[in-house]
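# Fold and geometry: a report
Listed here are the chains, written in short residue letters.
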Amino acid sequence: MIRSMTAFARQDTQGDWGTLTCEIRTVNHRYLEPSFRLPEALRELENAFREQLRTQLKRGKVDVSMRLQTAESAAQSFEVSDDMARAVNEAANHVNRILDNPAHINALDVLRWPGVLSVKELDYSPARDAAAELFERTVADLVTVREREGERLRPLFEDRLATMGQLVNEVRERMPELLKAQEQQLRDRFEKARVELDPERVAQEMVMLAQKSDVAEELDRLGAHISEVSDTLTSDDAIGRRLDFLMQELNREANTLSSKSIDARVTRVAVDLKVLIEQMREQVQNLE
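Okay, so let's go over this structure. (Residues numbered from 1 in each chain as written. Predicted model: local features only at pLDDT ≥ 70, side-chain atom pairs only at ≥ 80, totals over all residues. Heavy atoms only, no water.)

## Description of the overall build of the chain
The helix and strand inventory of the chain stands at 9 helices and 6 strands. Of all 288 residues assigned to the chain, the portion counted as buried reaches 35%. Of the contacts made within the chain by residues no fewer than 6 positions apart, 79% connect residues no fewer than 24 positions apart. Counting only carbon and sulfur atoms, one obtains 48% of the accessible surface of the chain, whose full area is about 17400 Å². (Helix = DSSP H or I, 4+ residues; strand = E, 2+ residues; numbered from the N terminus. Buried < 20%, exposed > 50% of the residue type's maximum accessible area, 1.4 Å probe, protein only. Contact = heavy atoms within 4.5 Å. Areas by Shrake-Rupley, 256 points an atom, 1.4 Å probe, with all protein chains shown as cover.)

So this is what it looks like as structure tokens:
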């Protein structure tokens with residue numbers, strides 16, 4: 001399964017406590033790098049979310065955003081301590097009886113006194129349970145999107161690999177003809193220079209030429225790497241790093257093939273190979 005590192009998923013859920021929305025965006029990255037923006041009431045879930053991501057994703061920069069909108073019925077309310085309010089009022093009246101010019105104390109003055117007014121803490125446990133389930137669904141949706149986006153690239157890889165295989169076979173089939181042509185060119189140069197042909201000298205020159213232009217190993221390695229890329233595309237594991245390494249190896253062999261070229265057609269094939277490899281490499285950078 002080919003998985004892209006670029007994806008987006010959004011899910012939401014509702015309850016008596018309000019509405020939760022979860023959004024996850026991922027882009028390519030060498031490692032798995034998650035970041036979270038969670039409501040304060042759900043902050044304690046971050047570690048669990050991180051562990052869950054590690055079980056589902058291998059690579060990518062992951063941005064997780066979760067928003068909580070509490071229902072009006074669950075809005076925060078105030079609690080007044082009647083005993084504390086009476087105590088403050090009695091203390092104020094006691095002081096007023098002592099003062100010559102007492103000041104009036106109102107309700108707001110009493111409410112400002114520490115301990116009289118408090119905010120009732122909401123129970124967010126139902127919202128936290130819903131958030132855990134919502135995050136799991138969003139991650140599952142994200143994985144599906146990454147797989148769908150990755151699979152769209154399969155025809156691109158298969159087409160390039162098939163073309164590369166044809167190019168390698170073309171060079172392999174033409175090499176005997178090219179070496180024979182090179183031998184004839186060598187003989188023609190000797191004759192043009194009116195040098196007496198020494199069979200042993202000709203043989204030595206041909207050996208040197210064959211060694212310099214022998215690309216059999218490069219062609220074999222190119223074929224092996226092409227097969228390895230095809231096999232890797234069928235793996236269920238994360239394949240991005242392995243494919244990136246194989247692209248480097250393919251490019252190295254294509255460069256060597258070009259440097260050993262003794263014919264314009266072989267040079268053209270080497271250039272075509274490098275173009276195809278670069279096209280695949282650009283897409284590989286975005287695979288998990």
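## A closer look at the nonpolar core
Counting 31 residues, the largest nonpolar core has Leu250 and Leu257 as its most contacted members. Considering each element in turn, this core owes the most residues, 8 residues, to helix H9 (residues 264-284). What Leu250 contacts, discounting residues up to four positions off in sequence, is Met164, Leu222, His225, Ile226, Val229, Ile277 and Met280. Judged by nonpolar contacts, the second largest core, of 25 residues, contains Cys22, Ala127, Ala131 and Leu134. (Core = buried A, V, L, I, M, F, W, Y, C linked by side-chain atoms within 4.5 Å.)

## Some remarks on the packing of aromatic side chains
A complete count under the given rule lists 2 aromatic pairs for this structure. Between Phe49 and Phe135 the ring centres are 4.0 Å apart and the planes differ by 20°, which places this aromatic pair in the stacked class. One end of the pair, Phe49, is in helix H1 (residues 46-56); the other, Phe135, is in helix H4 (residues 125-151), with 86 residues separating them in the sequence. Per residue, the accessibility class of Phe49 equals that of Phe135, and both read buried. An aromatic cluster is built from Phe36, Phe49 and Phe135, whose rings are joined through pairwise contacts. (Phe/Tyr/Trp six-rings, centres within 6.5 Å; stacked < 30°, edge-to-face > 60°.)

## Brief notes about helix H8 (residues 240-259)
Working note: α-helix, 3.6 residues per turn, so residues spaced by three or four point in the same direction. Its 20 residues place the ends of H8 29 Å apart at the C-alpha level, agreeing with the 28 Å of an ideal helix rising 1.5 Å per residue. Along H8, the residues classified as buried are Gly240, Leu243, Leu246, Met247, Glu249, Leu250, Glu253, Ala254 and Leu257. (Expected span 1.5 Å × (residues − 1).)

## Considerations on the pairing of strand S3 (residues 32-37)
Sheet analysis places S3 next to strand S4 (residues 60-70), joined by 6 bridges and oriented parallel. Bridged to Phe36 within S4 is Val64. Where the polypeptide runs from S3 across H1 and back to S4, its parallel neighbour, the crossover connection is left-handed. (Pairing = 2+ DSSP bridges. Right-handed = clockwise from strand over helix to strand, strands pointing away.)

## Quick look at the side chain of Thr138
Considering the arrangement of structural elements, one finds Thr138 in helix H4. Apart from the residues within four sequence positions on either side, Thr138 is in contact with Ala9, Arg10, Gln11, Cys22 and Ile24.

## Considerations on the pairing of S4
As a general feature of sheets, a regular strand has side chains that alternate between the two faces. Where strand S2 (residues 18-27) lies against S4, 10 bridges are found, and the strand directions are antiparallel. Following the sheet pairing, Glu23 is matched in S4 by Ser65.

## Structural notes on the environment of Val284
Secondary-structure assignment places Val284 in helix H9. The spacing of Val284 and Arg241 is 43 residues in sequence and 8.2 Å in space, taken between C-alpha atoms. When neighbours within four sequence positions are excluded, Val284 is seen to be in contact with Phe157, Gly240, Leu243, Asp244 and Met247.

## Focus on the sheet that holds strand S1 (residues 7-15)
Taken in spatial order, the 4 strands make up an open sheet running S1-S2-S4-S3, and their pairing is mixed. Taken across any chain shown, the strands that pair with only one partner, and hence form the sheet edges, are S1 and S3. Across the sheet, the mean angle separating the axes of adjacent strands is 15° when strand polarity is ignored. Note: S1 against S2, 9 bridges, orientation antiparallel. Opposite Gln14, over in S2, you have Thr19 as the bridge partner. Seen against the sheet, H4 touches S1, S2, S3 and S4 and runs at an angle of roughly 155° to S1. (Axes fitted to C-alpha atoms, helices over the stretch in contact; angles between N-to-C directions.)

## Side note on the packing of H1 against H4
Between two packed helices, the angle of one axis relative to the other and the distance separating the axes together describe the packing. With their axes 11 Å apart at the nearest point, H1 and H4 run at an angle of 25° to one another. Comparing the axis directions of H1 and H4 gives the class roughly parallel. Judged by the twist between their axes, the crossing of H1 over H4 is right-handed. Counting all contacts with H1, which are made through Phe49, Gln52, Leu53 and Gln56, the residues of H4 involved are Ala131, Ala132, Phe135, Glu136, Val139 and Val143. In terms of residue class, the contact of H1 with H4 is built from 7 nonpolar, 2 polar and 1 charged. (Parallel < 35°, antiparallel > 145°, perpendicular 65-115°, else oblique. Left-handed = near helix turned anticlockwise from the far one by under 90°. Nonpolar A, V, L, I, M, F, W, Y, C, P; charged D, E, K, R; others polar.)

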